[in-house]
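Architecture at a glance
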Amino acid sequence: MAGEQEQSASDKAAPGSVPDPLIGKVLNEKFRILGFVASGGMGKIYRAEQQPLERVVAVKVLNPLFTLNSNDEGARQRFFLEASILARLQHPNIVTVFDYGRIEGGEVDSFFMVMEYLPGETLEARIASRGCLSVIETYEIV
């Protein structure tokens, strides 16, 4: 996933902040969370390594506000239905979804999706570093 500056596993938190409970954890016994990439309205994106393939992937963890009713069977079924549909989509302009599941216990109780990792910069970072985009740059992005 295109993202902002990443947080390394050895640098779990900025001074005075709370460490992210997912950094260093292994989800579904095969996805080790390496660092934070970005956050948005639906949740957080992490860079992870798929073991034992050593493939770098992106893990989207839904915001706990969206999973407060994670014990609600209907919410669970809707998430898994949507994730299974996304995993079957194949198009050059859509990231590939490799896996999905639920994080249970500990400090985090949420759903997650594992996708291909696309390194790069966000549109916000590009505009901040270069200023206004040219018509050609805008066209290429759109």
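What comes next is a walk through the structure. These figures come from a predicted structure and were not determined experimentally. (Residues numbered from 1 in each chain as written. Predicted model: local features only at pLDDT ≥ 70, side-chain atom pairs only at ≥ 80, totals over all residues. Heavy atoms only, no water.)

Regarding the pairing of strand E3 (residues 43-50)
- Relative to E3, strand E2 (residues 31-39) is paired through 7 bridges, and the arrangement is antiparallel. In the strand pairing of E3, Ser39 is matched with Lys44.
- In textbook terms, the turn of a hairpin is the stretch between consecutive antiparallel strands, and for E2 and E3 this stretch comprises 3 residues.
- In the sheet, E3 pairs with strand E4 (residues 55-62) via 8 bridges, with the strands oriented antiparallel. Its bridge partner being in E4, Ala48 is matched across the sheet by Val57.
- Taking the residues between adjacent antiparallel strands as the criterion, E3 and E4 are bridged by 4 residues, where Glu54 takes a positive phi near 60°. (Pairing = 2+ DSSP bridges. Helix = DSSP H or I, 4+ residues; strand = E, 2+ residues; numbered from the N terminus.)

What about a nonpolar patch on the surface?
- On the surface, a cluster of nonpolar side chains totalling about 330 Å² of accessible area is made up of Leu81, Ile85, Leu89 and Ile94.
- Relative to the assigned elements, Ile85 resides in helix H1 (residues 73-88). (Patch = residues over 30% accessible without salt bridge, like charges linked within 9 Å, V, L, I, M, F, W, Y side chains within 5 Å. Areas by Shrake-Rupley, 256 points an atom, 1.4 Å probe, with all protein chains shown as cover. Salt bridge = Lys/Arg side-chain N within 4 Å of Asp/Glu carboxyl O.)

Comments concerning the environment of Met113
- Inspection of the secondary structure puts Met113 in strand E6 (residues 110-116).
- A residue is classified by how much of its surface remains accessible, and Met113, at 10% relative accessible area, is buried.
- Put simply, Met113 and Ile45 are 68 residues apart on the chain and 9.6 Å apart in space, counted from C-alpha to C-alpha.
- Ignoring any residue separated from it by four or fewer positions in sequence, one finds Met113 in contact with Ala58, Val59, Lys60, Phe79, Ala83, Leu86, Val97, Asp99 and Tyr100. (Buried < 20%, exposed > 50% of the residue type's maximum accessible area, 1.4 Å probe, protein only. Contact = heavy atoms within 4.5 Å.)

Thoughts on the packing of aromatic side chains
- This model, assessed by the stated rule, comprises 3 aromatic pairs.
- Summarising the aromatic geometry, the rings of Phe36 and Tyr46 are spaced 6.1 Å apart at their centres and angled 80° between planes, so their arrangement reads as edge-to-face. Taken together, the residues Phe36 in strand E2 and Tyr46 in strand E3 connect sequence positions 10 residues apart. For the pair Phe36 and Tyr46, one class covers both residues: buried.
- Taking 5.7 Å as the distance between ring centres and 80° as the angle between the ring planes, the aromatic pair formed by Phe80 and Phe111 counts as edge-to-face. Here Phe80, found in helix H1, pairs with Phe111, found in strand E6; they are 31 residues apart in sequence, far enough to count as distant.
- Given a relative accessible area of 3%, Phe111 falls into the buried group.
- Cluster of aromatic residues (ring-pair linked, three or more members): Phe80, Tyr100 and Phe111.
- Across from the ring centre of Phe98, 4.0 Å away, lies the NZ or CZ of Arg55, which sits over that ring. (Phe/Tyr/Trp six-rings, centres within 6.5 Å; stacked < 30°, edge-to-face > 60°. Lys NZ or Arg CZ within 6 Å of the ring centre and 35° of its normal.)

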